[in-house]
Amino acid sequence: MARPLIQMALDSLDFDATVALAEQVAPHVDIFEIGTPCIKHNGVNLVKALRAKFPDKLILVDLKTMDAGEYEATPFYAAGADICTVLGVSGLATCMGVIKAANAFGAEAQIDLINVEDKVACARATFEAGAHIMGIHTGLDAQAAGHTPFSDLNDIARLGLNVRISVAGGIKAATVQDVVKSGANIIVVGAAIYGAPSPAEAAREIRELVDATEV
Ligand SMILES: O=C([C@H](O)CO)[C@H](O)[C@H](O)COP(=O)(O)O
């Protein structure tokens, strides 16, 4: 298995604070995620700013698209996004729209399985439709209610689909190695890094743990 990628979720609303945090953690992460609240607040100009500043990083725009897939995602790919997310609950037509936009730019579309009732069926259908990445995701509100992404990860990994698996939802140093062992290709970390006294140190620790994990 290729070395798992670490995705830093940038969930601030502040443009300059987002860029500053990205600078701090850049040596230790592979993907910058512009989180949903952040992209709604700052728009496509933040994608352009991060693209210009970090030409060697992957940029994921967490659009969580719910309708008009191709139309909504196209300007973000044009601005330099490598990955945009689309909600699995939006339905196959919307997912296919984002997949089409991604393919037009040689980029990738990630299906966010957040709140999807039958995640296995959704993963199978969107994989068949050409999705590049399957996103297992326990959102911030569900985390607050005590939920975690671990059992969903096992269910999707067990399918053996030829698709990369991303996992998000409260992942921290104590859990990151189990997530890698369970088959995740992309490990998303937000609060455990941006909420730490030293985000750079927290990101470095996650990187070391991921790189030290035997799979
Ligand atoms: O995607 C996220 C959330 O839905 C807000 O957009 C978070 O970025 C994702 O959950 C990762 O953050 P943590 O759960 O804090 O690690």
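Residues numbered from 1 in each chain as written. Predicted model: local features only at pLDDT ≥ 70, side-chain atom pairs only at ≥ 80, totals over all residues. Heavy atoms only, no water.

Chemist: Can you lay out the overall build of the protein for me, pointing to particular residues and giving the numbers?
Modeler: Scanning the protein for helices and strands turns up eleven helices and eight strands. Taken against the 2.2 N^0.38 rule, which gives 17 Å for 215 residues, the C-alpha radius of gyration of the protein at 16 Å falls within 12% of a compact globule. Once the C-alpha set of the protein is aligned to its principal axes, its extents read approximately 45 × 35 × 35 Å. Considering the protein as a whole, with its 215 residues, one finds that 52% of them fall into the buried category. Counted over contacts in the protein with a minimum sequence separation of 6, partners at least 24 positions apart contribute 66%. Carbon together with sulfur atoms contributes 52% to the accessible area of the protein, which is approximately 9,600 Å² in total. (Helix = DSSP H or I, 4+ residues; strand = E, 2+ residues; numbered from the N terminus. Rg over C-alpha atoms; globule rule 2.2 N^0.38 Å. Buried < 20%, exposed > 50% of the residue type's maximum accessible area, 1.4 Å probe, protein only. Contact = heavy atoms within 4.5 Å. Areas by Shrake-Rupley, 256 points an atom, 1.4 Å probe, with all protein chains shown as cover.)

Chemist: Describe the nonpolar core, listing the residues and the values that go with them.
Modeler: The biggest cluster of nonpolar side chains holds 61 residues, and the ones touching the most others in it are F32, I34, L50, V61, Y77, L113 and I187. For this core, the leading source of residues is helix α5 (residues 92-104), giving five residues. If we ignore the near neighbours within four places in the chain, the residues touching I187 are P4, L5, I6, Q7, V167, I171, V176, V179, V180 and V210. Core analysis: the second largest hydrophobic core is formed by six residues, I31, I83, I133 and I186 among them. (Core = buried A, V, L, I, M, F, W, Y, C linked by side-chain atoms within 4.5 Å.)

Chemist: Before we move on, could you go through the layout of surface pockets and cite the residues and values that matter?
Modeler: Estimated volume of the largest pocket: approximately 510 Å³. Top contributing element to the lining of the largest pocket by residue count: helix α7 (residues 140-144), with four residues. Broken down by class, the residue content of the lining of the largest pocket amounts to 14 nonpolar, 15 polar and seven charged. (1 Å grid on protein atoms, 1.4 Å probe; cavity = no way out; pocket = protein on both sides within 12 Å on 5 of 7 lines; lining within 4 Å. Points joined across faces, edges and corners; volume = space filled by probe spheres on them. Nonpolar A, V, L, I, M, F, W, Y, C, P; charged D, E, K, R; others polar.)

Chemist: Describe the site of the ligand, with residues and values.
Modeler: Lining the immediate environment of the ligand, one finds 16 residues, of which D11, Q143, G170, G190 and A191 sit closest. Between the ligand and the protein, one listed contact pairs an oxygen atom with a side-chain N or O atom of D11 at 2.8 Å. Between the ligand and Q143 there is a distance of 2.7 Å, counted from an oxygen atom to a side-chain nitrogen or oxygen. Alone, the ligand offers 400 Å² of accessible surface; in the complex the protein occludes 95% of this. According to the grid-proximity analysis, the pocket containing the ligand is the largest pocket. Of all the elements in the fold, those that place two or more residues in the shell around the ligand are α2 (36-42), β3 (58-65), α7 and β8 (186-189). A breakdown of the residues in the shell around the ligand according to their chemical character gives six nonpolar, six polar and four charged. (Near = heavy atom within 4 Å. Polar contact = N/O pair within 3.5 Å; in protein donor to acceptor, adjacent residues only side chain to side chain. Sits in = over half its atoms within 2 Å of the grid points.)

Chemist: Pulling in residues and values, what's your account of the pattern of salt bridges?
Modeler: The full count for this structure, using the stated rule, is twelve salt bridges. Taking the shortest distance from any N to any O, the salt bridge between R207 and D30 comes out at 3.0 Å. Linking R207 in helix α11 (residues 199-212) with D30 in the loop between α1 (15-25) and β2 (31-34), this pair joins segments that are 177 residues apart in sequence. Here R207 and D30 have matching classes, each one buried. Residues R207 and D211 are paired through a salt bridge, measuring 3.3 Å at the closest nitrogen-oxygen approach. Residue R207 and its partner D211 are located together in helix α11, separated by four residues, close to a single helical turn. (Salt bridge = Lys/Arg side-chain N within 4 Å of Asp/Glu carboxyl O.)

Chemist: Tell me about α11, and please be specific about residues and values.
Modeler: Taking 1.5 Å as the rise per residue, α11 with 14 residues should run 20 Å; its terminal C-alpha atoms sit 20 Å apart, in good agreement. Against β1 (5-10), α1, α9 (173-181), β8 and α10 (191-194) lie the buried residues of α11. (Expected span 1.5 Å × (residues − 1).)

Chemist: Residues and numbers for the state of the cysteines, please.
Modeler: Going through the model one piece at a time under the given rule, you end up with zero disulfides. Among the cysteines around C84, which has no disulfide bond, C95 carries the closest sulfur, lying 13 Å off. By relative accessible area, which is 0% here, C84 ends up buried. Left without a disulfide partner, C122 is nearest to the cysteine sulfur of C95, which lies 5.9 Å away. (Disulfide = S-S within 2.5 Å.)

Chemist: Lay out the UniProt feature "domain: Orotidine 5'-phosphate decarboxylase" (unreviewed entry) in the protein in plain terms, naming residues and giving numbers.
Modeler: UniProt tags residues 5-206 as "domain: Orotidine 5'-phosphate decarboxylase" (unreviewed entry). Summarising residues 5-206: 47% helix, 21% strand, and an end-to-end C-alpha distance of 11 Å. (UniProt positions renumbered as here; feature names shortened; annotations may be inferred.)

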